[in-house]
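Structural overview for review
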Amino acid sequence: MSGKNDKKQAGSLNMDLDEAAETTRTGQKPSTDADRYKGLFGRWRLIRDRNRARVRKWWSYYLENVVPSEDDDAPEHLPRIFHGPVGRLLLAGCAVVAMGVWVFLLWLLWTL
C-alpha cells in the first residue's frame, strides 16, 4: 500500500523535481508543415489548403494578365473583372442565367 503512495508522491506537481528533463520551446525542433495536417481530417485540410492556394494563384494571375488594366468601358462601381471584352462576356453570361431563372420562376407560377 505504501508503494502506491510513493508513486503518487513521485509524480507530484513540484516543478523543481525534474529540472534535468525540462524542455523549452528553443530546445524543441520547429514544427514542419506536415505536423499541421495530422489528425483525423488532416488529409482533407491539406487538400483544401492546396486548392485554396491554387485558386488564389490563378485568380491573381487572371486579374493581373487577363483583365485589361486601363479599359474604361464599364461603370466605375463595377469590379475590374467586368471591364473589357472578357467582362462583357461575363456580364452577358450573368444576364442569360438571370433571364433563365426568371423564365423558370414564371413557368413555376403558371403551372402551379
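Parameters and conventions
Residues numbered from 1 in each chain as written. Predicted model: local features only at pLDDT ≥ 70, side-chain atom pairs only at ≥ 80, totals over all residues. Heavy atoms only, no water. Helix = DSSP H or I, 4+ residues; strand = E, 2+ residues; numbered from the N terminus. Buried < 20%, exposed > 50% of the residue type's maximum accessible area, 1.4 Å probe, protein only. Contact = heavy atoms within 4.5 Å. Areas by Shrake-Rupley, 256 points an atom, 1.4 Å probe, with all protein chains shown as cover. Phe/Tyr/Trp six-rings, centres within 6.5 Å; stacked < 30°, edge-to-face > 60°. Patch = residues over 30% accessible without salt bridge, like charges linked within 9 Å, V, L, I, M, F, W, Y side chains within 5 Å. Salt bridge = Lys/Arg side-chain N within 4 Å of Asp/Glu carboxyl O. pLDDT = per-residue confidence, 0-100. Expected span 1.5 Å × (residues − 1). Polar contact = N/O pair within 3.5 Å; in protein donor to acceptor, adjacent residues only side chain to side chain.

1. So, the overall build of the chain
What the chain contains, in helices and strands, is four helices and zero strands. Starting at the N terminus and walking to the C terminus, you meet the elements of the chain as α-α-α-α. The buried share of the chain, reckoned over its 112 residues, is 9%. Taking as baseline every contact in the chain between residues at least 6 positions apart, the subset at least 24 positions apart corresponds to 6%. On the chain, roughly 10600 Å² of surface is accessible, and the fraction owed to carbon and sulfur atoms is 62%.

2. Side note on the packing of aromatic side chains
Enumeration over the complete set of coordinates arrives at four aromatic pairs. Consider the rings of Trp 58 and Trp 59, whose centres lie 5.9 Å apart with planes at 45°: the pair is tilted. Seen from their ring centres, Trp 59 and Tyr 62 are 5.9 Å apart, and the 25° between their planes marks the pair as stacked. Taken together, the residues span about one helical turn, with Trp 59 and Tyr 62 both in helix H3 (residues 42–66) at a distance of three residues. Classification of Trp 59 by relative accessible area gives partly exposed; the value is 38%. One aromatic cluster in this structure is built from Trp 58, Trp 59 and Tyr 62.

3. What to know about a nonpolar patch on the surface
A cluster of nonpolar side chains, namely Val 97, Val 101, Trp 102, Phe 104, Leu 105 and Trp 107, defines an oily patch on the protein surface of about 680 Å² accessible area. Within the secondary structure, Trp 107 sits in helix H4 (residues 84–111).

4. Describing the confidence of the model for the chain
Looking at the chain as a whole, its pLDDT mean stands at 76, while 62% of the residues score no less than 70. Of all secondary-structure elements in the chain, the lowest mean pLDDT belongs to helix H1 (residues 2–10), at 55, while H4 reaches the highest, 91.

5. Concerning H3
Given a rise of 1.5 Å per residue, 25 residues ought to cover 36 Å, and the 35 Å separating the end C-alpha atoms of H3 matches this to within 8%. When we look at burial in H3, the residues that qualify are Gly 42, Asp 49 and Tyr 62.

6. Structural notes on the environment of Arg 54
Within the element layout of this structure, Arg 54 appears in helix H3. Exposure remark for Arg 54: the relative accessible area of 54% places this residue in the exposed category. Engagement of the side chain of Arg 54 in a polar contact is seen with the side chain of Asn 51, the distance being 2.8 Å.

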